[in-house]
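One letter stands for each residue in the lines below.
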Amino acid sequence: MKKQLGPSDAIFPVPAALIVSGTDEDANIITLAWVGIASSTPPTIGISIRQSRYSLELIRNTGEFSVNFPDASIFKEVDYCGITTGRRRNKFKDTGFTPLASKKIKSPIIKECPYNIECRVSQEIIIGDYVHILGEILESHVDGDKADKSKRAGFDLLKINPLVYFAEAREYWTVGEKLGYGFSAGKAIKEKSKNR
Ligand SMILES: Cc1cc2nc3c(=O)[nH]c(=O)nc-3n(C[C@H](O)[C@H](O)[C@H](O)COP(=O)(O)O)c2cc1C
């Protein structure tokens, strides 16, 4: 028997990503959970921002932003960036995060986040109180000590130790153990089904 929870916006887990907008002294950080890949070709990320956010103004001004994926150790700084507005505080200074020059855009990436991507806005869709921004991914970066050529992704996920978020419960988590491989773990069932 299923129990209905209503029209929930909860899917899990989601990233707790740090989006940097603006440039130089005006660069700002916002924490976003509503972040996901929208297309592989061209590589595109979707982020949803409430219309009232300062970060939305900055993204609209430059048409660019970086998405920075934190590791679990900095979850308090991540939370701070999600409860403080850049209208009144410099979140780089308050958290001690270091802005690093991006390669293709003017907004910086965050040094303390092990994985970062640079994006240029390609579309904007207004959905109620939110704006869904699609950003074409122009470049990605991983910490050198976490890069691993033998891995399909080019890095070792365990070394990244990504922070994940269970939004409905407002809980920060780490990832668990690897179970198997995508596009492969289902093959045994596929073989069995063929003979049915
Ligand atoms: C874990 C977490 C996830 C969040 N996810 C979102 C989100 O997906 N969209 C959004 O508009 N705000 C989200 N927020 C709220 C913003 O981060 C918050 O309002 C922030 O202070 C806005 O910063 P700004 O005014 O400098 O742009 C989230 C906050 C936290 C703590």
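The following refers to the structure shown. (Residues numbered from 1 in each chain as written. Predicted model: local features only at pLDDT ≥ 70, side-chain atom pairs only at ≥ 80, totals over all residues. Heavy atoms only, no water.)

Taken together, 23 residues form the shell around the ligand, and within it Thr31, Arg50, Ser55, Thr85 and Gly86 come nearest. Between an oxygen atom of the ligand and a side-chain N or O atom of Asn28, the distance comes to 2.8 Å. Here an oxygen atom of the ligand and a backbone polar atom of Gly86 are 2.7 Å apart. Considered on its own, the ligand offers 650 Å² of accessible surface; in the complex 89% of this is hidden by protein. Taken together, the elements giving at least two residues each to the shell around the ligand come down to strand E3 (28-32), strand E5 (43-50), helix H1 (54-62) and helix H2 (75-81). Of the residues forming the shell around the ligand, the biggest block, 4 residues, is contributed by E3. Each residue belonging to the shell around the ligand can be placed in one class, and the counts come to 11 nonpolar, 8 polar and 4 charged. (Near = heavy atom within 4 Å. Polar contact = N/O pair within 3.5 Å; in protein donor to acceptor, adjacent residues only side chain to side chain. Areas by Shrake-Rupley, 256 points an atom, 1.4 Å probe, with all protein chains shown as cover. Helix = DSSP H or I, 4+ residues; strand = E, 2+ residues; numbered from the N terminus. Nonpolar A, V, L, I, M, F, W, Y, C, P; charged D, E, K, R; others polar.)

Let us look at H1. When H1 is considered as a whole, its buried residues turn out to be Tyr54, Ser55, Leu56, Leu58 and Ile59. In this fold, the buried residues of H1 make contact with strand E2 (17-21), E3, E5, strand E6 (64-69), strand E9 (115-127) and strand E10 (130-142). (Buried < 20%, exposed > 50% of the residue type's maximum accessible area, 1.4 Å probe, protein only. Contact = heavy atoms within 4.5 Å.)

This next bit is on the packing of aromatic side chains. Counting across every chain of the model gives 5 aromatic pairs. Centre to centre, the rings of Phe69 and Tyr115 are 5.9 Å apart; their planes meet at 35°, and the pair counts as tilted. One end of the pair, Phe69, is in strand E6; the other, Tyr115, is in strand E9, and 46 residues separate them in sequence. In this structure Tyr115 comes out as partly exposed when scored by relative accessible area, which is 23%. Pairing Tyr115 with Phe155 gives two aromatic rings, centres 5.2 Å apart and planes at 45°, and the pair type is tilted. Placement of the pair is Tyr115 in strand E9 and Phe155 in the loop between E10 and helix H4 (157-160), with a sequence separation of 40 residues. Residue Phe155 is classed as buried on the basis of its relative accessible area of 17%. An aromatic cluster of at least three residues, connected via ring pairs, comprises Phe69, Tyr115 and Phe155. (Phe/Tyr/Trp six-rings, centres within 6.5 Å; stacked < 30°, edge-to-face > 60°.)

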